[in-house]
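Commentary on secondary and tertiary structure
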Amino acid sequence: MENFTHCIPTEYHFGKGAIDCLGDCLARYGSRVLLVYGGGSIKRTGLYDTIIGICNDKALTVTELSGVEPNPQIATVRKGIALCHSESIDVILSVGGGSTIDCCKAIAAGYYYKGDPWDMALAGGCQDRSLPLVDVMTLAATGSEFDADAVISNSMTSQKLDGTYRCPDVSICDPTYTFSVPASQTAAGSADIMSHICEQYFSRVFDSDLSEAIGEGILRSVIKNLPQALSDPSDYSARANLMWDSSIACSGIPAYGKIPTLWPCHAMEHELSGFYNITHGVGLAILTPRWMRFILKKDTSVTPRFVKFARNVWGLDGNDDEALAREGIEALEDFFSSVNLPSTLTELGIGNEHFLDMANDLKEVTGGLENDYVPLTIDDIVAIYTACL
Ligand code: NZQ
Ligand code: ZN
């Protein structure tokens, strides 16, 4: 079992009615609030009115930044920083999914950053100092409510950069706010949760018992609860489980005591959505089984891990380890198909024209994957993309 450090300073409120604490949480940081949200889902669900009511009751002054894009853009981060300065903002309130929170993390750090926020993103983020950040989460997917990451895109350069910022100060996760998430986004968010676990579960360290069990437990929970949430979008138990799964999956906890991968599927997906602006979880659902098949073929010493995945996650059994390893990957692929996630890049209108550019860019941004769980070269990455067509 490897060493680890636990540090997630976020105050985390979970469950029906958790928003009751929002007014007090905001007021502890001051009276001037920047309310940030996406393309309007919070207005359609009534959550916007609830939030404005809470802010009015506390006599808070609200400035709004709306229209945060899925795959949030650096231009929106710049707008937010300018508003924080011009309106003397005390606290940022993010209401939405991972894109909105990520945009807010970059705004909060960018407020103090000396220079353009894209330079901050290119430098891998900034953890020095941030404006306080409170969020109300409306989608189970990224786990951004319980980690320090933010992924910011730049459509001018086709880049999408994962950086480390500061964790939110307060996260409010009421599963009822996810009842309105459309089926396609619910499935994509769940594929993202599963990928977060796979990026940590696939490790050569087997003796970190609790982390192993957390990873397998979250995967089994998504396999059980996603179909339930799709057949009844207002199933509280299903939505609540997916929400808590998502917060823990990306928190780092499932990797404690283990040597995780270098998150190759995420690195490859961020290139895809940087170039083609696709939904993050959809890209991961296509890439993950292809990555699995590729590394299993390239390095058969990882077979025991795939066997454990097949047995403990999918409940498969048998004496032939090679067959079992393959069947675990097929089970994951079949599960993604069963929830109507696209299974090829071709379906998304993506061809092979930028595969080499993406592989080279990935190497430049991440330093490459030569030291990964199964080391990957540029040619390997192109081969994995090609297998996704
Ligand atoms: O913009 P609105 O109108 O709010 O609609 C959003 C958006 O269209 C909609 N939505 C959200 N909550 C809803 C809802 N629609 C109805 N009812 C609700 N309750 O869903 C759409 C997608 O929202 P978005 O925030 O983009 O999705 P997600 O949470 O999956 O975030 C994706 C972004 O997070 C990054 C991804 O790369 C991508 O940029 N990631 C962030 C991570 C982190 N910070 O730790 C880790 C992840 O691996 C990921 O890379
Ligand atoms: Zn992800």
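What comes next concerns the included structure. All of these numbers come straight from a predicted model, not from anything done at the bench. (Residues numbered from 1 in each chain as written. Chains lettered and ligands numbered in written order. Predicted model: local features only at pLDDT ≥ 70, side-chain atom pairs only at ≥ 80, totals over all residues. Heavy atoms only, no water.)

Looking at the coordination of the zinc ion (ligand 2)
Those donors, Asp 192 (OD), His 196 (NE2), His 266 (NE2) and His 280 (NE2), are the protein atoms that reach the zinc ion (ligand 2), and they lie 1.9 to 2.2 Å from it. The motif formed by the donor residues of the zinc ion (ligand 2), counted along the single chain, is D-x3-H-x69-H-x13-H. Linking Asp 192 in helix H7 (residues 183-201) with His 280 in helix H11 (residues 280-298), this pair joins segments that are 88 residues apart in sequence. Each member of the pair Asp 192 and His 280 is classed as buried. (Donors = N, O, S within 2.8 Å, 3.2 Å for Na, K, Ca; no water. Helix = DSSP H or I, 4+ residues; strand = E, 2+ residues; numbered from the N terminus. Buried < 20%, exposed > 50% of the residue type's maximum accessible area, 1.4 Å probe, protein only.)

Observations regarding the side chain of Ser 195
For Ser 195, the location among the structural elements is in helix H7. Taking the relative accessible area as the measure of exposure, Ser 195 reaches 2% and is therefore buried. If we skip the residues at most four places from it in the chain, Ser 195 touches Cys 265, His 266, Leu 284 and Thr 288. (Contact = heavy atoms within 4.5 Å.)

Regarding helix H4 (residues 74-86)
For H4, with 13 residues, the first-to-last C-alpha span of 19 Å sits near the 18 Å given by 1.5 Å per residue. Buried residues of H4: Ile 74, Thr 76, Val 77, Gly 80, Ile 81 and Cys 84, and no others. In a view along the axis of H4, the buried residues occupy a sector of 155°, so they form one face of it. In H4, the exposed positions that point more than 90 degrees away from the buried face belong to Lys 79 and Ser 86. Contact partners of the buried residues in H4: strand S2 (32-37), strand S3 (61-65), strand S4 (91-96), helix H5 (98-110), helix H6 (117-122) and strand S6 (149-154). Backbone geometry just after H4 places Ser 88 at a positive phi near 50°. (Expected span 1.5 Å × (residues − 1). Arc of directions from axis to C-beta.)

Some points on the pattern of salt bridges
Applying the stated criterion to the full structure yields 15 salt bridges. For the salt bridge of Asp 147 with Lys 105, the shortest nitrogen-to-oxygen distance reads 2.9 Å. In this pair, Asp 147 is assigned in the loop between strand S5 (133-137) and S6 and Lys 105 in helix H5, connecting sequence segments 42 residues apart. A single burial state applies to Asp 147 and to Lys 105, both of which are buried. For Asp 299, the salt bridge goes to Arg 204, with nearest N and O atoms at 2.9 Å. Placement of Asp 299 in the loop between H11 and helix H12 (303-314) and of Arg 204 in the loop between H7 and helix H8 (209-231) is noted, with a sequence separation of 95 residues between them. (Salt bridge = Lys/Arg side-chain N within 4 Å of Asp/Glu carboxyl O.)

Describing the pairing of strand S7 (residues 159-164)
Alignment of S6 against S7, held across six bridges, turns out to be antiparallel. Looking at S7, one finds that Ile 152 is bridged to Leu 161. Adjacent in sequence and paired antiparallel, S6 and S7 are bridged by four residues, among which Ser 158 carries a positive phi angle near 55°. (Pairing = 2+ DSSP bridges.)

Re a negative patch on the surface
Residues Asp 320, Asp 321, Glu 322, Glu 327, Glu 330 and Asp 334 make up a contiguous surface patch of negative charge. With respect to the secondary-structure elements, Glu 330 resides in helix H13 (residues 321-338). (Patch = residues over 30% accessible without salt bridge, like charges linked within 9 Å, V, L, I, M, F, W, Y side chains within 5 Å. Areas by Shrake-Rupley, 256 points an atom, 1.4 Å probe, with all protein chains shown as cover. Lys, Arg positive; Asp, Glu negative; His and termini not counted. Charge placed at Lys NZ, Arg CZ, Asp CG, Glu CD.)

Some thoughts on the site of ligand 1
Near ligand 1 there are 30 residues, and of these Gly 39, Ser 41, Gly 98, Ser 99 and Asp 147 occur at the shortest range. Ser 144 places a polar side-chain atom, nitrogen or oxygen, 3.1 Å from a nitrogen atom of ligand 1. Within the backbone of Asp 149, an N or O atom sits 3.0 Å from a nitrogen atom of ligand 1. Contact with the protein chains hides 90% of the accessible area of ligand 1, taken as 960 Å² for the molecule alone. Breaking the shell around ligand 1 down by element, the ones donating at least two residues are H5, S6, H7 and helix H10 (264-276). Mapped onto the domain boundaries, the shell around ligand 1 takes at least three residues apiece from domain 1 (11-177) and domain 2 (182-387). (Near = heavy atom within 4 Å. Polar contact = N/O pair within 3.5 Å; in protein donor to acceptor, adjacent residues only side chain to side chain. Domains from an automatic or database assignment.)

Considering the packing of H10 against helix H15 (residues 378-387)
The interhelical angle for the contact between H10 and H15, taken along N-to-C directions, is 65°, at an axis separation of 12 Å. Between H10 and H15, the angle falls in the class roughly perpendicular. Seen along the crossing, H10 lies across H15 with a hand that is right-handed. Facing H10, whose interface residues are Met 268, Glu 271 and Leu 272, H15 presents Ile 381, Ile 384 and Tyr 385. Here the residues of the contact of H10 with H15 are counted per class, giving five nonpolar, no polar and one charged. (Axes fitted to C-alpha atoms, helices over the stretch in contact; angles between N-to-C directions. Parallel < 35°, antiparallel > 145°, perpendicular 65-115°, else oblique. Left-handed = near helix turned anticlockwise from the far one by under 90°. Nonpolar A, V, L, I, M, F, W, Y, C, P; charged D, E, K, R; others polar.)

So, the packing of helix H14 (residues 355-366) against H15
Taken N-terminus to C-terminus, the directions of H14 and H15 make an angle of 130°; their axes are 9 Å apart at the nearest point. With respect to H15, the axis of H14 lies oblique. The handedness of the crossing between H14 and H15 is right-handed. Facing Phe 355, Leu 356, Met 358, Ala 359, Asn 360, Leu 362 and Lys 363 of H14, the residues of H15 in contact are Ile 378, Ile 381, Val 382, Tyr 385 and Thr 386.

Such coordinate-based values are descriptive only and should not be taken to indicate function.
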